[in-house]
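Here is what each chain is made of, one letter per residue.
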Amino acid sequence: MGSYFDFERFLFVFPKVISCIGVNLQIVAVSMFFGTILAVFVALARLKPIPVLREIISVYISFMRGTPLLVQMMIAYYGIPLLLSDVFLNVFGINLNRLDSVIFVEIAIVLNEGAFLGEIFRGAISAIPAVQKEAAYSIGMTGAQSFFRIVLPQSFKLIIPAYGIDLVGVFQNTSLVFTLGIVDLLGKAKTLGAATGHTLEGYISATIIYIALSLILKGFFLTVERKVYSYGV
Amino acid sequence: MVFKISAFLESFLSAIKYAHVTIELTAISFVISLFLGLIIATIRHFKVKVLSQIFAAFITIYMGLPMMVAIVLYNLIFMTCYPDIALKLHINIPISEINPIFIGYFALIMGYTCILSESIRGAYRGVANVQFEAGYSIGMTKLQTLRRIILPQMVPILLPGMQNSLIGLLKASNLVSAISIIEIMNGALLPSVRYYSYLEGYVAAALVYWIIGATIEILAHYLEGRVGNYNKKSEYKTGRTEESIDRIKRSEEKLWQA
């Protein structure tokens with residue numbers, strides 16, 4: 001590529017691009033936190049034989065699985081203000097149209113993760129032996145108590161490998177947010193490119209950061225997995 | 001502002017008109033990736049010197065690269081390098097007349113070759129070593145054993161994961177919209193630009209994707225049922241161990257995410 005890629009320019013651009021990593025990490029943290037909470041309830045709703053809710057949840061999961069995240073983000077971005085702006089403006093005094101677009105991205109990823117993590121949780125929860133629940137009942141715990149104190153903590157142990165893969169996937173999915181004009185790694189690379197006329201260095205910086213951080217996250221989850229499983233499940 | 005049904009319908013029809021682009025992108029990339037993935041997985045399974053190490057390192061690194069970044073990066077490299085290369089090769093086609101879709105193909109095939117090769121490697125592990133030995137013992141060559149004994153046994157192991165990765169590929173093919181290829185999403189947005197009815201356009205695109213995804217799911221379900229029949233009968237013959245089944249399940253979980 002010779003003249004297209006200049007190492008000095010790369011060194012100049014790299015720190016500027018990496019300074020925007022906070023946006024990506026914030027999206028990952030927020031959406032994983034709320035996504036995990038949502039996923040537990042999605043998994044519960046799929047496991048319990050509640051007539052209407054069960055069908056709604058399966059349609060929801062099918063939609064989240066069958067449509068691209070980018071489209072979901074766009075629907076959240078255009079759809080939520082359209083549906084709820086009057087309610088929010090009158091009740092909470094929040095103008096949804098002025099809200100940062102990061103929030104809509106986070107809502108989309110949370111809903112998406114609710115479906116994907118929900119399936120992972122469902123597998124883990126149904127893998128816990130029924131004896132555990134019976135033991136909890138036998139010492140007088142209620143249904144909710146036995147679930148949240150006995151079954152759920154044990155299922156956390158089982159989902160670690162899948163959860164790690166999922167988290168890395170969410171981090172990689174944050175690369176889509178620049179299409180909504182959010183200045184994240186890729187968005188910063190794009191703006192720098194527009195300002196200086198040399199886009200390639202910025203994009204290569206973003207590529208390196210994405211690959212490095214994905215590998216670090218994967219390594220971290222592998223270590224956690226080894227630590228946890230070395231004590232026996 | 002309300003949800004306009006007429007705009008939605010117009011977007012929906014427009015999306016269906018461009019659905020063939022997405023379906024071609026998905027199908028062709030999937031077949032090529034499957035083929036390349038099989039080759040890479042075979043090389044890595046038999047631990048071919050040098051090559052298997054190179055592929056292992058490459059796949060580990062490449063799996064860390066998000067598809068969107070890859071597509072945007074390849075597009076940029078193509079845009080900047082094309083004029084010079086065309087000048088050297090005496091190609092007189094201006095850059096504006098070249099369809100950027102092959103960049104999409106390239107990025108999708110690269111990404112999914114890595115993902116599929118990982119799951120095929122998992123399936124290799126799911127077939128017991130005894131099967132290879134049985135093949136050799138009746139005088140088959142390595143290739144014959146692979147083609148006649150091992151690969152057919154890998155099909156039922158692979159199917160559930162393949163369904164997930166096919167749907168994943170369908171969704172990933174949506175990302176080529178970033179390099180202004182008109183596929184389902186951009187197709188659905190064509191009428192939206194006129195009326196500013198973006199929500200209707202995106203909902204229409206989601207619906208078309210959903211229909212295609214559901215079709216894949218139903219087909220795969222049918223296939224799995226058929227293959228499962230065979231598998232139920234011969235589970236003990238393949239000599240799969242509990243551990244290997246567990247490993248396959250894990251590799252499928254990886255795909256589920258993708």
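Residues numbered from 1 in each chain as written. Chains lettered and ligands numbered in written order. Predicted model: local features only at pLDDT ≥ 70, side-chain atom pairs only at ≥ 80, totals over all residues.

S.K.: Help me out: how do you make sense of the overall build of chain A in this one?
M.R.: Along chain A, the regular secondary structure elements total nine helices and zero strands. When its helices and strands are written in sequence order, chain A yields α-α-α-α-α-α-α-α-α. Considering only C-alpha atoms, chain A reaches an extent of 75 × 55 × 30 Å along its principal axes. For chain A, with 233 residues in total, the buried portion stands at 39%. Partitioning the intrachain contacts of chain A with sequence separation of at least 6 by distance along the chain shows that 79% fall at a separation of at least 24. (Helix = DSSP H or I, 4+ residues; strand = E, 2+ residues; numbered from the N terminus. Buried ≥ 20, exposed ≤ 12 C-beta atoms within 10 Å, placed from the backbone. Contact = placed C-beta atoms within 7 Å.)

S.K.: What should I look at first to understand the overall build of chain B in this one?
M.R.: The secondary structure content of chain B amounts to eleven helices and zero strands. Helices (α) and strands (β) of chain B occur, in sequence order from the N terminus, as α-α-α-α-α-α-α-α-α-α-α. Across the 258 residues of chain B, 43% fall into the buried class. Taking as baseline every contact in chain B between residues at least 6 positions apart, the subset at least 24 positions apart corresponds to 84%.

S.K.: What should I look at first to understand the interface of chain A and chain B in this one?
M.R.: The parts lose accessible area when they come together, and the size of an interface is often stated as this lost area. Tallying the contact residues gives 35 residues for chain A and 32 residues for chain B. Those elements that place two or more of their residues in the side of chain A that touches chain B are helix H3 (51-66), helix H4 (69-92), helix H7 (143-173) and helix H9 (200-230) of chain A. Looking at the side of chain A that touches chain B, the element that brings in the most residues is H9(A), giving eight residues. Here the side of chain A that touches chain B is built from residues that sort into 22 nonpolar, eleven polar and two charged. (Nonpolar A, V, L, I, M, F, W, Y, C, P; charged D, E, K, R; others polar.)

S.K.: Sorry if this is basic, but what is going on with helix H5 (residues 101-127) of chain A here?
M.R.: An α-helical segment advances 3.6 residues per turn. Residues three or four places apart therefore align on the same side. Here H5(A) contains 27 residues, and its C-alpha end-to-end distance of 39 Å stays within 8% of the 39 Å for a straight helix at 1.5 Å per residue. Burial within H5(A) is extensive, with 19 of its 27 residues counted as buried. (Expected span 1.5 Å × (residues − 1).)

S.K.: Would you mind going over the packing of helix H8 (residues 185-196) of chain A against H9(A) with me for this structure?
M.R.: Between two packed helices, the angle of one axis relative to the other and the distance separating the axes together describe the packing. Residue and element names in this part refer to chain A. Between H8 and H9, the least distance of the axes is 8 Å, while the angle of their chain directions is 165°. On the basis of the axis angle, H8 is roughly antiparallel to H9. Of the two possible hands of crossing, H8 and H9 adopt the one that is right-handed. Across from Leu 185, Leu 186, Ala 189, Leu 192 and Gly 193 in H8, the residues of H9 making contact are Gly 202, Tyr 203, Ser 205, Ala 206, Ile 209 and Tyr 210. Looking at side-chain class alone, the contact of H8 with H9 contains eight nonpolar, three polar and no charged residues. (Axes fitted to C-alpha atoms, helices over the stretch in contact; angles between N-to-C directions. Parallel < 35°, antiparallel > 145°, perpendicular 65-115°, else oblique. Left-handed = near helix turned anticlockwise from the far one by under 90°.)

S.K.: Would you mind showing me how to read the nonpolar core here?
M.R.: In terms of nonpolar packing, the biggest core is built from 115 residues, with Ile71(B), Tyr202(B) and Ala205(B) touching the most fellow members. Of all the elements, H5(A) adds the most residues to this core, at twelve residues. In this view, Ile71(B) contacts Ile103(B), Gly104(B), Ala107(B), Leu175(B), Val176(B), Ala178(B) and Ile179(B); residues no more than four positions away in its chain are not counted. (Core = buried A, V, L, I, M, F, W, Y, C linked by C-beta atoms within 7 Å.)

S.K.: Please clarify how the packing of H3(A) against H5(A) should be interpreted in this entry.
M.R.: Residue and element names in this part refer to chain A. Running from N to C, H3 and H5 cross one another at 110°; their axes reach a closest spacing of 9 Å. Judged by the inter-axis angle, H3 sits roughly perpendicular to H5. Note on element contacts: H5 touches H3 through Leu 111, Asn 112, Ala 115, Gly 118 and Glu 119, opposite Tyr 60, Ile 61, Met 64 and Arg 65. Residues of the contact of H3 with H5, tallied by class, amount to five nonpolar, two polar and two charged.

S.K.: Explanation requested: unusual backbone geometry in the structure shown.
M.R.: When glycine is set aside, most residues are seen to have a negative phi, and most peptide bonds are trans. Residues and elements named next belong to chain B. One non-glycine residue, Val 50, adopts positive backbone phi at about 65°. Along the chain, Val 50 turns up in the loop between helix H2 (19-45) and helix H3 (51-62). C-beta crowding within 10 Å serves as the criterion here: with 7 such atoms nearby, Val 50 is assigned to the exposed category. In this structure, Ser 180 is a non-glycine residue whose phi angle is positive, near 50°.

S.K.: Got a minute to help me understand helix H7 (residues 142-172) of chain B in this structure?
M.R.: Here H7(B) contains 31 residues, and its C-alpha end-to-end distance of 36 Å is more than 12% below the 45 Å for a straight helix at 1.5 Å per residue. Taking the largest bend as the criterion, H7(B) deviates by roughly 50°, centred on Leu158(B), and proline Pro160(B) comes between one and four positions later. (Bend = angle between axes of the 7 residues up to and from the residue.)

S.K.: Explanation requested: the confidence of the model for chain A in the structure shown.
M.R.: Do not read the predicted coordinates in detail wherever pLDDT is low. A residue-level look at chain A finds 96% of positions with pLDDT of 70 or above and a mean pLDDT of 87. Mean pLDDT in chain A bottoms out at H4(A), which sits at 83, and peaks at helix H2 (residues 21-47) of chain A, which reaches 92. (pLDDT = per-residue confidence, 0-100.)

S.K.: Even after reading the chapter, I still don't get the environment of Ser117(B), so can you show me in this structure?
M.R.: With respect to the secondary-structure elements, Ser117(B) resides in helix H5 (residues 101-126). Sequence separation between Ser117(B) and Ala41(B) is 76 residues, and the spatial gap between their C-alpha atoms is 5.0 Å.

S.K.: Help me understand the confidence of the model for chain B in this model?
M.R.: Residues and elements named next belong to chain B. Here chain B shows a mean pLDDT of 85. Residues at 70 or above account for 88%. Mean pLDDT per element in chain B: helix H11 (residues 242-257) is the minimum at 60, and H2 is the maximum at 93. Note that pLDDT drops below 50 for residues 234-239; the model gives that stretch five contacts with residues more than four away or on any other chain. Across the interfaces of the predicted complex, the ipTM metric reaches 0.85, alongside a pTM of 0.85.

S.K.: Just to check I follow, could you spell out the environment of Ile107(A) for this structure?
M.R.: All names here are of chain A. Structurally, Ile 107 is set in helix H5. With 18 C-beta atoms counted inside 10 Å, the residue Ile 107 sits in the partly exposed group. Each C-alpha atom, one on Ile 107 and one on Gln 72, is 9.7 Å from the other, the two residues being 35 residues apart in sequence. The residues touching Ile 107, leaving out its near neighbours within four places in the chain, are Ala 76 and Ile 80.

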